[in-house]
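Analysis of the macromolecular model
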Amino acid sequence: MNILFATSEAAPFSKTGGLGDVCGALPRELAKLGHRPVVVLPAFRQVKLSGMPIEPTGVSVDVPIGQKMVRGQYLRSTLPDSDVPVILIEQPEYYDRPQPYREHGEDYKDNCERFVFYCRAALEAISRLGLPVDVVHCHDWCAGLVPAYLKTLYGRLEPWRGLTSVLTIHNLAYQGNFWHWDMALTGLDWKYFNWRQMEFYGNLSFLKTGVAFADAITTVSPSYAREILSPPLSCGFEGILQNRVGDLSGIINGVDYNEWNPAADRYLEGNCYDEHTYPAGKAACKRELQRLVDLPVQADVPMLAAISRLADQKGFDLITRVMRHWAERVDAQWVILGTGEPKYHEALGSLAKEFPDRVAVRLEFSDELAHRIEAGADIFVMPSQYEPCGLNQLYSLKYGTVPVVRATGGLRDTVVNATRQTLDDGTATGFSFEEYTSQALAEALDRACRAVREKAVWNQLVETGMRQDWSWRHSAERYADLYERTAARGPLAVE
Ligand code: ADP
């Protein structure tokens, strides 16, 4: 099939989170399955600085934005190690800025205009560049108007007639809501500004528009697909999502095992390991990590780790509370890598200062340290309030670092809680808990720390986790199947 990826991010061109990882990896995997994807991105400054080879196409596009016409240029490149074409929409006034969406803690004031332009220019690329397309796969709010354009202004014209769209929600909390007068920028009829389609509590909502008009909707794990049907995780979208429940499904993200594989990890030097050699390999990585982050080199003290955005979503209020309690009483080491909200920088910084023998904190973004922590730690801590998919627990499984997670979203779908039964049937891979409380987290961590000392149980958990296959292939097959079903059914009618 010919699939157009309408997305604001695709690694290595641009990435601020999981969206960039998915849209960099999934198209390449689809190409391996014999499909023909093309990725259409805004040419953010980050894209220009990515070092990827970019060429002009000589083709421009004029898009009406309210009363004015705005011109952009199409550039072209390819995803690395593939022949997947990438079309970049260049419009320096909109996209040549320090950041993709926001600066100094505030969204850019003209984000509505910037992404109206993106959505229309992405669809115009189909005719102006002669791209063969069967399905348009739209990602998150930035591409949320694409399904609406396909059902209205464009859908009656060639070459867009009959095209279907799939919308993937990577995080429902980011909705692209703007004041209602921005409706005039879209060029769409005001009749669509109603509570069933584009309007959300008096605002224009890009994501709600996508949910209303897409032919199929996915999110990045089956559990999150269920959880977003009701408050609080529905973020106000329960009505529209329940309305579309028959067209909503969850497909878990995959892992790029070229990047995340302890048997061939460029950051582990002589200490790479696999499921047979991990006892010696992980012990060496733990020693190296303890030296690197200035913790006492002790083989038998359990080492707990977190690598994350320091945000409420990721459960750092629970982590910091448990850390304080434990650092005073429990013989365990903590390694935390992350950047984010100042309150967590402060809380973690002072824990590291107070307990230098038990707590190491690095407030930075470091790919190398992330790999070395995954390899060296014993236990990975991820008590998220909500988690659409989550990647670090999947990396942890591969690295034999047993995850302790809250049972929510993708964490629920990927980590099997160790119980008598799951240990007996050989499916257990970690520890999970339900209640979002520091007590529940502490109990789960306590279970994990007791299990570390029972070698047979621990080795079983580590080995079961390391043998799991969360590669992109399975997920890409599920997307391909969904594209085929959606295209075969044809565009759903709109009122
Ligand atoms: P989210 O997309 O919600 O931030 P995910 O678990 O899906 O969470 O993915 C986060 C990605 O960013 C992972 O690859 C993780 O290793 C990485 N990451 C987050 N913070 C850091 C950091 N400080 N240093 C290095 N990598 C980080």
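All values derive from a computational prediction rather than experimental measurement. (Residues numbered from 1 in each chain as written. Predicted model: local features only at pLDDT ≥ 70, side-chain atom pairs only at ≥ 80, totals over all residues. Heavy atoms only, no water.)

The next subject is the domain arrangement of the protein chain. Each assigned domain of the protein chain is listed with its residue range as follows: domain 1 (2–254 + 473–489) and domain 2 (269–470). Inter-centroid distance (C-alpha atoms) of domain 1 to domain 2 is 34 Å. Across the contact, 16 residues belong to domain 1 and 16 residues belong to domain 2. Counting across the domain 1 and domain 2 interface gives 0 salt bridges. Here domain 1 is connected to domain 2 by 6 residue pairs in polar contact (both at pLDDT 80 or more). The biggest single contributor to the side of domain 1 that touches domain 2 is helix α8 (residues 222–227), with 4 residues. Tallied by class, the residues present in the side of domain 1 that touches domain 2 amount to 7 nonpolar, 7 polar and 2 charged. (Domains from an automatic or database assignment. Contact = heavy atoms within 4.5 Å. Salt bridge = Lys/Arg side-chain N within 4 Å of Asp/Glu carboxyl O. Polar contact = N/O pair within 3.5 Å; in protein donor to acceptor, adjacent residues only side chain to side chain. Helix = DSSP H or I, 4+ residues; strand = E, 2+ residues; numbered from the N terminus. Nonpolar A, V, L, I, M, F, W, Y, C, P; charged D, E, K, R; others polar.)

As a further point, take the sheet that holds strand β15 (residues 303–310). Spatial ordering of the open sheet is given by β17-β16-β15-β18-β19-β20, a layout of 6 strands whose pairing is parallel. If you trace the sheet from one side to the other, it starts and ends with β17 (359–362) and β20 (431–433), each paired once. Averaged over all pairs of adjacent strands, the angle between strand axes in this sheet comes to 15°, irrespective of strand direction. Examined bridge by bridge, strand β18 (residues 379–382) and strand β19 (residues 402–406) share 4 bridges and lie parallel to one another. Paired with F380 across the bridge in β19 is P403. (Pairing = 2+ DSSP bridges. Axes fitted to C-alpha atoms, helices over the stretch in contact; angles between N-to-C directions.)

In spatial order, the strands read β10-β12-β11; together these 3 strands make up an open sheet with antiparallel pairing. A strand with exactly one partner marks an edge of an open sheet, and here the two such strands are β10 (177–179) and β11 (199–200). Packing of helix α7 (residues 206–213) onto the sheet brings it into contact with β10, β11 and β12 (203–205), and relative to β12 it is tilted by some 55°.

Attention now moves to the packing of helix α1 (residues 18–32) against helix α19 (residues 472–489). Packing of α1 against α19 leaves a shortest axis separation of 9 Å and a crossing angle of 75°. If you check the angle between α1 and α19, you find them roughly perpendicular. On the side of α1, the interface is formed by V22, A25, L26, E29 and L30, while α19 contributes W472, R473, A476, Y479, A480 and Y483. In terms of residue class, the contact of α1 with α19 is built from 9 nonpolar, no polar and 2 charged. (Parallel < 35°, antiparallel > 145°, perpendicular 65-115°, else oblique.)

Right, let's talk about the site of the ligand for a bit. Every one of the 15 residues lining the ligand counts as a neighbour, but R309, K314, E364, S366 and L391 are closest to it. Contacts to the ligand include R309, whose side-chain N or O atom sits 2.8 Å from an oxygen atom. Note that an oxygen atom of the ligand is positioned 3.0 Å from one of the backbone N or O atoms of L391. Protein coverage of the free-state accessible area of the ligand, which is 570 Å², stands at 89%. At the level of elements, β15, β16 (333–340) and α14 (392–398) are the ones that each hand at least two residues to the shell around the ligand. Broken down by element, the shell around the ligand gets its largest block of residues, 3 residues, from β15. Here the residues of the shell around the ligand sort into 6 nonpolar, 6 polar and 3 charged. (Near = heavy atom within 4 Å. Areas by Shrake-Rupley, 256 points an atom, 1.4 Å probe, with all protein chains shown as cover.)

Following the sequence through the fold, N258 ends up in the loop between β14 (248–250) and α10 (278–292). Note on N258: relative accessible area 70%, which makes it exposed. (Buried < 20%, exposed > 50% of the residue type's maximum accessible area, 1.4 Å probe, protein only.)

In this fold, E124 is placed in helix α4 (residues 111–128). Since its relative accessible area comes to 12%, E124 is described here as buried. Ignoring sequence-local partners within four residues, the contact set of E124 consists of V61, Y74, Y154 and W160.

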